[in-house]
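Now for the letters of each chain:
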Amino acid sequence: MKIRDLTSANIDAAAALWHQAGLTRPWNSPERDAQRALDGDTSTVLGAFLEERLVGTVMVGHDGHRGWVYYLAVDDSMRGTGLGKRMMADAENWLRTNGVVKVQLMVRSDNDLVLGFYEHLGYEDANVQVRSKWLIQATS
């Protein structure tokens, strides 16, 4: 298994994996999210490849102050193998290499399975609320 930065050629496979994992929402284009991360100087999307098949992803980036992780996804056939843990370790290493000292992520509050996964990796509730405001109206 190889883990490397994705390229634009991998975006469709990543979006399909994100759909499979239930990470997408109708108002948010995963393809545009991936391309923005790949185009940015402070972000990337890491992919795990089993031979040539994309079986895991994690989007990682930083704002100069904090690191963020998005779109951690593991193909259904690879769940329970430790790949999610490995992807998170690679995302954390990417952030360390880029001088980031703290990583944050968002999990929907009703997603108990995923909350348990992150707790097992040492992530804790930061006792904060995330607020959002749309700056550009989303299009389907």
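This text follows the structure it describes.
Rules of the game
Residues numbered from 1 in each chain as written. Predicted model: local features only at pLDDT ≥ 70, side-chain atom pairs only at ≥ 80, totals over all residues. Heavy atoms only, no water. Core = buried A, V, L, I, M, F, W, Y, C linked by side-chain atoms within 4.5 Å. Buried < 20%, exposed > 50% of the residue type's maximum accessible area, 1.4 Å probe, protein only. Helix = DSSP H or I, 4+ residues; strand = E, 2+ residues; numbered from the N terminus. Contact = heavy atoms within 4.5 Å. Salt bridge = Lys/Arg side-chain N within 4 Å of Asp/Glu carboxyl O. Axes fitted to C-alpha atoms, helices over the stretch in contact; angles between N-to-C directions. Parallel < 35°, antiparallel > 145°, perpendicular 65-115°, else oblique. Left-handed = near helix turned anticlockwise from the far one by under 90°. Nonpolar A, V, L, I, M, F, W, Y, C, P; charged D, E, K, R; others polar.

Caption draft 1: Highlighting the nonpolar core. Counting residues in each nonpolar core, the largest one holds 20 residues, and the members touching the most others are V58, L83, M87 and M88. Those elements giving two or more residues to this core turn out to be β2 (43–50), β3 (53–62), β4 (67–74) and α3 (83–97). Broken down by element, the residue count for this core peaks at six residues, all from α3. In this structure M87 touches I3, L46, G47, A48, G56, T57, V58 and L72, once residues within four positions along its chain are discounted. Formed by 13 residues, the second largest nonpolar core is a distinct cluster that contains I11, A34, Y71 and A73.

Caption draft 2: Layout of the pattern of salt bridges. In total, this model carries three salt bridges according to the counting rule given. For the salt bridge of R36 with D33, the shortest nitrogen-to-oxygen distance reads 2.7 Å. With a gap of three residues between them, R36 and D33 both fall in helix α2 (residues 30–39), about one helical turn apart. The buried category is assigned to D33, whose relative accessible area is 12%. In this structure, the salt-bridge partner of R53 is D75, at a minimum N-O distance of 3.6 Å. Linking R53 in strand β3 with D75 in the loop between β4 and α3, this pair joins segments that are 22 residues apart in sequence.

Caption draft 3: Geometry of unusual backbone geometry. Even without a glycine there, the phi angle at E51 is positive, about 60°. As for its placement among the helices and strands, E51 is situated in the loop between β2 and β3. Here the phi dihedral of N127 falls at roughly 55°; this positive angle occurs in a residue that is not glycine. Residue placement: N127 occurs in the segment after α4 (112–120). A residue is classified by how much of its surface remains accessible, and N127, at 71% relative accessible area, is exposed.

Caption draft 4: Representation of the packing of helix α1 (residues 11–20) against α2 within the structure. Packing of α1 against α2 brings their axes to within 9 Å, and their N-to-C directions diverge by 125°. Between α1 and α2, the angle is such that the two are oblique. The handedness of the crossing between α1 and α2 comes out as right-handed. Of α2, the residues touching α1 (which contributes I11, D12, A15, W18 and H19) are P30, E31, A34, Q35 and L38. A breakdown of the residues in the contact of α1 with α2 according to their chemical character gives six nonpolar, two polar and two charged.

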